[in-house]
Structures are given as structure tokens and as C-alpha cells.
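Below are the chains, spelled out letter by letter.
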Amino acid sequence: MSLINLFKTKKSYIKSGLLYGITDIHSHLLPGVDDGISAYEEAVNALRWLKDKGIRRMYLTPHVMSDLQKNTRAYLTEQFAAFTKRLEEEGVEDIPELKLGSEYMLETAFEEHKKDGLITYADRQVLVETSYMLPPAGFIRLLEKLMEDGYLPVFAHPERYLYMEERDYKYLKKLNVSFQLNFLSLTGAYGQHAKEKAGKLLKNGYYNYAGSDFHRLKRHENSFSVKALTKKQKLALKELFENNDRLW
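None of the values given here were measured: they were computed from a predicted structure. (Residues numbered from 1 in each chain as written. Predicted model: local features only at pLDDT ≥ 70, side-chain atom pairs only at ≥ 80, totals over all residues. Heavy atoms only, no water.)

## Points about the sheet that holds strand β5 (residues 103-105)
Taken in spatial order, the six strands line up as β3-β5-β6-β7-β8-β9 in an open sheet, and their pairing is parallel. Only two strands of the sheet have a single partner each, and these edge strands are β3 (63-64) and β9 (209-211). Pairing geometry for strand β6 (residues 125-129) and strand β7 (residues 152-156), over four bridges, is parallel. Its bridge partner being in β7, Gln 125 is matched across the sheet by Leu 152. (Pairing = 2+ DSSP bridges. Helix = DSSP H or I, 4+ residues; strand = E, 2+ residues; numbered from the N terminus.)

## Digging into the sheet that holds strand β4 (residues 97-100)
Strand order in the open sheet formed by three strands is β1-β2-β4, and the pairing between neighbours is parallel. Since the sheet does not close on itself, it has two edges, and those belong to β1 (23-24) and β4, each with one partner. Of the strand pairs in this sheet, β1 and strand β2 (residues 57-60) are connected by two bridges, and their pairing is parallel. By the bridge assignment, Asp 24 is partnered in β2 with Met 58. Against the sheet, helix α4 (residues 73-89) makes contact with β2 and β4, and its axis sits at roughly 165° relative to β4, the strand it touches most. (Contact = heavy atoms within 4.5 Å. Axes fitted to C-alpha atoms, helices over the stretch in contact; angles between N-to-C directions.)

What follows is the structure in C-alpha cells.
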């Protein structure tokens, strides 16, 4: 193989070594609360797999939205406590360290959740999302009010929103909204559109953090082995994973 071809050879997440020791800030592994993992045993298997691939720490970030009315701060805190207690009682140790977060849909019901107190990362940073097709009514005002209340929004997977254009990303960055890359978007896991947009946003320095958005092992495990990452992308991702550690 020539030196030129060697330089251009793409690596997978597993082969690159990027996952070793990282903190994953976006996952749906708390059993039975949303569209992610449904059962305890399934969660344990997935967590063991992720630990084996090098992931050291994980935030479990279940969806909080009007379609999931049970998912209040109190309920999710209770479910997380029950899950981690069972892990401890059964002596499950070969998994990443866990903390509870949440992924909040920006919608009318969001203001009620905010009154109840949001589940956040360190320093009051909170993971938020919107519909993929359309922004919510008063989108910018929702973000502004969130910041006025002392929170710092982390916008989940901006590469997946079909309604967003370059000017929208620039405007949100001017508001000091942080961006979280779904790092599997770079493998094509969410389609070609998200892959291309993620590559562009990463190249242009828009992202602050990166997470797997892990839902189920069968859905995601192949994406970890896809040879998709260029040398420049690996360097950029390394910096994002280092930023993740500051949210723990």
C-alpha cells in the first residue's frame, strides 16, 4: 500500500481506539422508559458490550416529551435508582459507570418540566431536541428562556434536523447553544443526508460534544465497525470526547 493510500485509509470507531476511556453523554439504556432498551437483561448485555469496546462512563438520557407522560423527573430518578440498585445487588460490575440525564423535547410541555427542575449534566447543561421535520412554535424563545433560567442547552444531533440550514446553525451558535454530534451519524447509521451534514458540521467546528444515542445493541453494533473515519475526523472527535469528560 502506498503512503498516500495509507494516509487516506479510513478507520472504524472500534479500530481507531477513539472509544477507549470515553464518556458517552447520550444513550437510551434505562430499561422500559422510552423507545430504547426494553428489559433489564437487554440493558446489561448492551452495557457489557459497550464496556468491552472501551466506553468508561455513560449518561442514560431517556426521552422526556408529551408522548411519554410518565417520564417526569421524579419517575425517571426512581427508575434509575431501581436499575442501579439491581445491578449492585446482582454484582454486575463489568459495565460503564452510570449517571442519569434526560433528553428533553422542546415543546409546550417543556415549560412544565422546567418548573419541576430539569435533569442535567454538570454545570446545568441540559440535552434538548426538536422534531426532525419542523421546529417547535417559539423555538428560539424556548432556548432563550432556558438560558435566562440558568441552564445551558446542548442541542442533540443537529445533523438530523431536515429543517435546519447553515444560517440556522450559525444563529444557534451565536446564542451559545452547544451542539452534540451523534457520532454514529458519520458511519451512515441515520442515512446519507445526516452523514454528509455531520461531516460538514464537524469539519467546520460546530460541535462541542459527541454521543452514541445508543438505543439497542442489534440496531447499533454494526455501525461501530464501519470504516468511515478520516484522520481529520478522528482528531476532531478526540477533542469532542475530551469535552464530554467535563460534563461528568
